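Secondary and tertiary structure notes
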Amino acid sequence: MQDYMVTPAAEQAKEMCKAVITGRKYGRMGQIIGDPGTGKSSLAAWLAGEFGAIHIECWAKMAKKALLQEIAREYEAVHDVAMPQTGSADTFFHRLRAAGLDGKLILVDEANQLSWATIEVLRGLSDRGAGVVLVGTSVLSRTLKLAQSQIYTQQIRQRIGAKSVEMKPVANVAELAAYVLAPRFGQVTKTTAKMFYQETGGYWRSSVELADACTRLMQNENLEKLDQDVVATAAAWMARAA
């Protein structure tokens, strides 16, 4: 993702992924958590490109076989090897293990959609050499603390340890100007940056969407500089489309 805006949190997540890949046995798991709209999925896609990682996106009530099948399909695409797409969950698990997992990074987006029992399968892949990073909302953290499955989820939490990055809205106007606006629009006035921040609340998804709208407006009107009028007009476009 060449247009990805690398923030300090993204750099922190990159270092965390390195620690996951090179970690000791039974310690190759990490997590990225955050509220919706804070940029977790964009970050996961960027990290996948940086590491040549297997990157999947989960869905509600995703079963073990479907999870392993998605990982196998992405393994095939990333590493350009034949990976049969038939068999049981156990078959897929052993097929992946035989393919060689050492040094491979698996990014599991929307991991909050998974049950603890399905996440336990990912722990199994991690114990066999893969680096596994779970990406999801705070629901993921609650799943890993369920009392009825604590004996299993405790093992997962121990493998994650301190390898956790929390995604939050951009902290302030200056950070937004530096990491969101400047890479795309160059230097903007403090007043313009403040308006942009107020419109988006510092949330990554909203910031990207508003930046896209500003870019389209500037292209349509042959404008070269982002200013308050552009931000206000683009925000009004978005409000009408919502």
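One structure accompanies this document, and this report is about it. From a predicted model like this one, the values you see are computed outputs, not experimental measurements.

**What about the packing of aromatic side chains?**
This model, assessed by the stated rule, comprises two aromatic pairs. Between tyrosine 4 and tryptophan 46, the aromatic rings sit 5.1 Å apart at their centres with planes inclined by 20°, giving stacked as the arrangement. With tyrosine 4 in the segment before helix H1 (8-22) and tryptophan 46 in helix H2 (residues 40-51), this residue pair connects regions lying 42 residues apart in the sequence. For tyrosine 4, a relative accessible area of 9% puts it in the buried group. Taking relative accessible area as the criterion, tryptophan 46 reaches 7% and is therefore assigned buried. For the ring pair tyrosine 4 and tryptophan 204, a centre distance of 5.4 Å and an interplane angle of 40° mean the geometry is tilted. With a gap of 200 residues between them, tyrosine 4 in the segment before H1 and tryptophan 204 in helix H10 (residues 204-220) connect regions that are remote in the sequence. Like tryptophan 204, tyrosine 4 is buried. Taken together, the ring pairs in this structure connect Tyr4, Trp46 and Trp204 into an aromatic cluster. Sitting above the plane of the phenylalanine 92 ring, arginine 95 keeps its charged end 5.2 Å from the centroid.

**Examining the packing of H10 against helix H11 (residues 228-241)**
The description of two packed helices rests on the angle between their axes and on the distance between the axes. The contact between H10 and H11 brings their axes to 9 Å, and the two run at 110°. Regarding the angle of H10 to H11, the classification is roughly perpendicular. The hand of the H10/H11 crossing is right-handed. Between H10 and H11, the residues in contact are Ser206, Glu209, Leu210, Ala213, Cys214, Arg216, Leu217, Met218 and Asn220 and Val230, Val231, Thr233, Ala234, Ala235, Trp237 and Met238, respectively. Its residues placed into classes, the contact of H10 with H11 shows eleven nonpolar, three polar and two charged.

**Focus on the side chain of lysine 163**
Mapping lysine 163 onto the fold places it in the loop between helix H7 (150-160) and strand S5 (164-167). One buried charge, lysine 163, has no salt-bridge partner; the nearest side chain with opposite charge is aspartate 127, at 10 Å. Apart from the residues within four sequence positions on either side, lysine 163 is in contact with Met16, Ala19, Val20, Gly27, Met29, Gly30 and Gln31.

**What to know about helix H9 (residues 190-200)**
If you check which residues of H9 are buried, you get Thr192, Ala193, Phe196 and Thr200. The buried residues of H9 occupy an angular sector of 100° when the element is viewed end-on, so they sit on one face. The exposed residues of H9 that point more than 90 degrees off its buried face are Lys190 and Gln198. Where H9 is buried, its residues touch helix H8 (173-185), H10 and H11.

**Re the sheet that holds strand S2 (residues 54-57)**
If you walk across this open sheet you meet the five strands as S2-S3-S4-S1-S5, and the pairing is parallel. Across the chains shown, the open sheet's two edge strands, defined by having one partner strand only, are S2 and S5. Pairwise comparison of adjacent strand axes, ignoring direction, gives a mean angle of 15° for this sheet. When strand S1 (residues 29-34) meets strand S4 (residues 131-136), the two strands line up parallel, connected through five bridges. Residue methionine 29 lies in a different strand from S4, and its bridge partner there is valine 132. Against the sheet, H1 makes contact with S1, strand S3 (105-109), S4 and S5, and its axis sits at roughly 160° relative to S5, the strand it touches most. Seen against the sheet, H7 touches S1 and S4 and runs at an angle of roughly 90° to S1.

Basis of the calculations
Residues numbered from 1 in each chain as written. Predicted model: local features only at pLDDT ≥ 70, side-chain atom pairs only at ≥ 80, totals over all residues. Heavy atoms only, no water. Phe/Tyr/Trp six-rings, centres within 6.5 Å; stacked < 30°, edge-to-face > 60°. Helix = DSSP H or I, 4+ residues; strand = E, 2+ residues; numbered from the N terminus. Buried < 20%, exposed > 50% of the residue type's maximum accessible area, 1.4 Å probe, protein only. Lys NZ or Arg CZ within 6 Å of the ring centre and 35° of its normal. Axes fitted to C-alpha atoms, helices over the stretch in contact; angles between N-to-C directions. Parallel < 35°, antiparallel > 145°, perpendicular 65-115°, else oblique. Left-handed = near helix turned anticlockwise from the far one by under 90°. Contact = heavy atoms within 4.5 Å. Nonpolar A, V, L, I, M, F, W, Y, C, P; charged D, E, K, R; others polar. Lys, Arg positive; Asp, Glu negative; His and termini not counted. Salt bridge = Lys/Arg side-chain N within 4 Å of Asp/Glu carboxyl O. Arc of directions from axis to C-beta. Pairing = 2+ DSSP bridges.

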